[in-house]
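Close look at the chain arrangement
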Amino acid sequence: MTGEAKGRTQPLGRLRLGVNIDHVATIRNARGGRHPEPLRAAKAAAAAGADGITAHLREDRRHITDADIEALTETLRGLDLPLNFEMAATEEMQAIALRHRPHAVCIVPERREERTTEGGLEVAREENRLAHFIAPLREAGCRVSIFIAADERQIEAAARIGAPVIELHTGAYCERDHDGDLAGRDAELERLRRCAAFAHGLGLEVHAGHGLTYETAGPVAAFPEVMELNIGHFLVGEAIFSGLDSAIRRMRDVMDRARREAFGEGAA
Ligand SMILES: CC(=O)[C@@H](O)[C@H](O)COP(=O)(O)O
Ligand SMILES: NCC(=O)COP(=O)(O)O
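Description of the structure in this document. (Residues numbered from 1 in each chain as written. Chains lettered and ligands numbered in written order. Predicted model: local features only at pLDDT ≥ 70, side-chain atom pairs only at ≥ 80, totals over all residues. Heavy atoms only, no water.)

Let's shift gears to the pairing of strand E2 (residues 52-56). It is a general feature of regular strands that their side chains alternate between the two faces of the sheet. Most of E2 sits out of view: five of its five residues are buried. The pairing of strand E1 (residues 16-20) with E2 spans three bridges and is parallel. In the strand pairing of E2, glycine 18 is matched with glycine 52. Where E2 meets strand E3 (residues 83-87), four bridges bridge the pair, whose relative direction is parallel. Pairing of threonine 54 across the sheet is with asparagine 84, part of E3. As a crossover connection, the stretch from E2 through helix H3 (residues 66-78) into E3 is right-handed. (Buried < 20%, exposed > 50% of the residue type's maximum accessible area, 1.4 Å probe, protein only. Helix = DSSP H or I, 4+ residues; strand = E, 2+ residues; numbered from the N terminus. Pairing = 2+ DSSP bridges. Right-handed = clockwise from strand over helix to strand, strands pointing away.)

Next up, the structure:
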């Protein structure tokens, strides 16, 4: 489907790649040592062309730790590389974010028993609390995004609480691709496409992420409204075989090729 078919002839701008380094920390923590170091991965990602670094400080610190956030905050500013700090909507995380004042914060749901981020934030269920929660983060100059499922009701709620950005959870789309459920995959992709356009129509900046691979990132990159993809687990896995630099550069090429095919040579 070309940009014309979506009602837009051109994408909104250059599509950014945020590299999530959570699972570099997963490998490090497996032995309780200091190798591999997430900060080193962030620097390598920057050298490979990443537009930003994403790190999720979970309440249980299963991967990224407070010390990682400390080191990333200090170093990335010097590299002029934005840090997208993913966090749950808790007082503890709000205090940490206000202390570090990262370029961006992304509010994500968390359950200690989950293996990975399973769903999107239920914004519609707690609008008043979340509106008050994000206000000081925005006043501190952080770009606030809300990690939500592709659901118009959640998108409208995110706009109502004053979030300027949403990040669409691409996990359901990616899982169906992984499972070979191509009809289900295509239905989830259409849902994502519809929600990206809907969110843009409400004035929200649109990001997407979770589970994206070389195969699944391209169709999402072709959505004209999407401005940023956050990708981590797959890139860290691929780095085992081809190296982190190569994996990031290949993902960047996948994204740029998808944009060129959708919108013409000048679109990447
Ligand atoms: C919010 C999101 O989709 C990712 O940042 C994800 O949280 C990666 O970390 P986990 O694999 O621990 O969920
Ligand atoms: N918010 C999504 C993200 O940061 C990366 O998710 P994943 O690629 O590690 O699944």
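So, next bit.
Before going further, it helps to spend a moment on the layout of surface pockets. The volume enclosed by the largest pocket comes to roughly 1100 Å³. Thr116, His169, Gly171, His210 and Gly211 are the residues nearest the centre of the largest pocket, which is lined by 43 residues in total. Elements with a minimum of two residues in the lining of the largest pocket: helix H1 (22-29), strand E6 (165-169), helix H7 (171-178), helix H8 (182-201), strand E8 (226-231) and helix H10 (233-242). Counting residues per element, the lining of the largest pocket draws most heavily on H7, at eight residues. Among the residues making up the lining of the largest pocket, the classes are represented as eleven nonpolar, 19 polar and 13 charged. The space that makes up the second largest pocket amounts to roughly 220 Å³. For the second largest pocket, the full set of lining residues is Val24, Ile27, His35, Pro36, Glu37, Arg40, Ala41, Ala44, Val236, Ala239, Ile240 and Leu244. In terms of residue class, the lining of the second largest pocket is made up of nine nonpolar, one polar and two charged. (1 Å grid on protein atoms, 1.4 Å probe; cavity = no way out; pocket = protein on both sides within 12 Å on 5 of 7 lines; lining within 4 Å. Points joined across faces, edges and corners; volume = space filled by probe spheres on them. Nonpolar A, V, L, I, M, F, W, Y, C, P; charged D, E, K, R; others polar.)

Worth remembering: the numbers are spatial, not functional.
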